[in-house]
Amino acid sequence: MDNTTIIAMVSIITAGITTGIGCMIPALGQGKSISTALSSMAQQPDASQTVTRTLFVGLAMLESLAIYCFVISMILIFANPFWNHFIA
Amino acid sequence: MELSPDETIFWQNGFITINLTLVTTWVLMFVLVLVSVLVTRKLRTDLKISRWQCILEMLVTGMNEQIKEVGLKKSEKFLGFIGTLFIFIAFANLCIIFPSYEPPTSSLSTTAALAICVFLATPIFGIAENGVLQYLKTFIEPTFIMLPFNIISEISRTLALAVRLFGNIMSGGLIVTILLSIAPLFFPVLMTVLGLITGIIQAYIFSILATVYIAAATEESDKKKSRRKDKANKLIVAET
């Protein structure tokens, strides 16, 4: 195996693992925050507007953690700096 | 495969490059300015107002309320900056309903520029409100040990702002592109609808985070003012 093959293999495997773990753990956090928000909305329906707004902001913050991992795996697959270095 | 509209280059001369991101940004800016100028040219205060004026009024009052809810009392002062951020990002993200449009926010250069604007605006507003010393004092709150962490957080939150917006919009476009090759009939439409929601939420989050950062930099003066007001009230009470 030459250098480019090794780099391609390692990048693809790492990209998969990165997106996998990076989706799993934020999903747990998002599920927890949604369930807490739902139960608090059931207890206090008057505050549901505030809770919903805060929930959406919080969800998007958590979502961006998963997106960071996604960006890294996209860079590994489509714009890999090491791959470009060895090709050039 | 293209990751960002930066790679479509129209004209290049040495350091200066004109790519799709720049062109789209300028077209969006032109459209926004043109619509605003046309609508605000004939504003009315009657009972019957034009539809466009109604939309603009809803936008401005809504943004004012949101800024006030975060804790900035004089929201009109910050509306220019935060409102511009929100309207530009929301409009740029919503235009994905047009075919063969690539949002400029899916390029890291645009989002980094917007984040740097927030990075610079925070100390400017803070110093304008409280003065240099009072602003620098926020870096050693609550204790002196926190100084390096405060500086690191200042930089890392700018990076997070840029990458969050870029990643969300870029991933939306990329997923549509990938799905087009797998299931070309219905799923891309659904994903585009999801992209509209994500775009609006990301615009909201970007501007609300900018508001929170500015509020954190300017809040000291409000405390001081209320303390001063309390003192004045006490004096008045004591005198009478």
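What counts and how
- Residues numbered from 1 in each chain as written.
- Chains lettered and ligands numbered in written order.
- Predicted model: local features only at pLDDT ≥ 70, side-chain atom pairs only at ≥ 80, totals over all residues.
- Helix = DSSP H or I, 4+ residues; strand = E, 2+ residues; numbered from the N terminus.
- Buried ≥ 20, exposed ≤ 12 C-beta atoms within 10 Å, placed from the backbone.
- Contact = placed C-beta atoms within 7 Å.
- Nonpolar A, V, L, I, M, F, W, Y, C, P; charged D, E, K, R; others polar.
- Expected span 1.5 Å × (residues − 1).
- Arc of directions from axis to C-beta.
- Core = buried A, V, L, I, M, F, W, Y, C linked by C-beta atoms within 7 Å.
- Pairing = 2+ DSSP bridges.
- Axes fitted to C-alpha atoms, helices over the stretch in contact; angles between N-to-C directions.
- Parallel < 35°, antiparallel > 145°, perpendicular 65-115°, else oblique.
- Left-handed = near helix turned anticlockwise from the far one by under 90°.
- pLDDT = per-residue confidence, 0-100.

Turning to the overall build of chain B, a few remarks are in order. The number of helices and strands found in chain B is seven helices and two strands. The linear arrangement of helices and strands in chain B, starting from the amino end, is β-β-α-α-α-α-α-α-α. Projected onto its principal axes, the C-alpha coordinates of chain B cover approximately 80 × 55 × 40 Å. Within chain B, the proportion of its 240 residues that are buried is 25%. Considering only contacts within chain B whose residues lie at least 6 apart along the sequence, 66% involve residues at least 24 apart.

What follows is about the interface of chain A and chain B. You'll often see interface size given as the accessible area lost when the parts meet. At the interface, eleven residues of chain A touch twelve residues of chain B. The residue inventory of the side of chain A that touches chain B, partitioned by class, reads ten nonpolar, one polar and no charged.

All names here are of chain B. For helix H1 (residues 20–41), which comprises 22 residues, the first-to-last C-alpha distance of 31 Å matches the rise-based estimate of 32 Å (1.5 Å per residue) to within 8%. When we look at burial in H1, the residues that qualify are Thr21, Thr24 and Thr25. Down the axis of H1, the buried set is contained in an arc of 100°. They therefore lie on one face. Looking at H1, the residues exposed on the side facing more than 90 degrees away from the buried face are Trp26, Phe30, Val33, Leu34, Val37, Leu38 and Arg41. Where H1 is buried, its residues contact strand E2 (16–19) and helix H4 (108–130).

A word on the nonpolar core. Counting 38 residues, the largest nonpolar core has B:Leu85, B:Ile89, B:Phe206 and B:Ala210 as its most contacted members. Those residues within four positions of B:Leu85 in sequence are excluded, and the remaining contacts are B:Leu114, B:Phe206, B:Ser207 and B:Ala210.

Residue and element names in this part refer to chain B. Counting buried residues along strand E1 (residues 9–13), only zero of its five residues qualify, which leaves the element largely exposed. Strand direction decides the pairing type here: E1 and E2, joined by four bridges, are antiparallel. Paired with glutamine 12 across the bridge in E2 is threonine 17. The antiparallel hairpin formed by E1 and E2 contains two residues in its connecting segment, where glycine 14 sits at a positive phi of about 65°.

Below, the discussion takes up the environment of B:Leu72. Residues and elements named next belong to chain B. By the element assignment, leucine 72 lies in the loop between helix H2 (51–70) and helix H3 (75–94). Taking the C-beta count within 10 Å as the criterion, leucine 72 has 24 such neighbours and is therefore assigned buried. For the pair leucine 72 and isoleucine 127, spaced 55 residues apart in sequence, the C-alpha to C-alpha distance is 15 Å. When residues no more than four places from it in sequence are discounted, the contact partners of leucine 72 are Ile67, Phe78, Thr211, Ile214 and Ala215.

This part covers the packing of H2(B) against H3(B). Residue and element names in this part refer to chain B. One can describe the packing of H2 onto H3 by two numbers: an axis separation of 10 Å at closest approach and a directional angle of 115°. As far as their axial angle goes, H3 and H2 are roughly perpendicular. In terms of crossing hand, the pair formed by H2 and H3 is right-handed. Within the contact between the two elements, H2 uses Met63, Asn64, Ile67 and Lys68 and H3 uses Ser75, Phe78, Leu79, Ile82, Gly83 and Phe86. Split into classes, the residues belonging to the contact of H2 with H3 amount to six nonpolar, three polar and one charged.

Close inspection of predicted coordinates is inappropriate for parts of the model with low pLDDT. Of the residues in chain B, 94% have a pLDDT of 70 or more, and the chain-wide mean is 85. The ipTM value of the predicted complex is 0.70, and its pTM value is 0.82.

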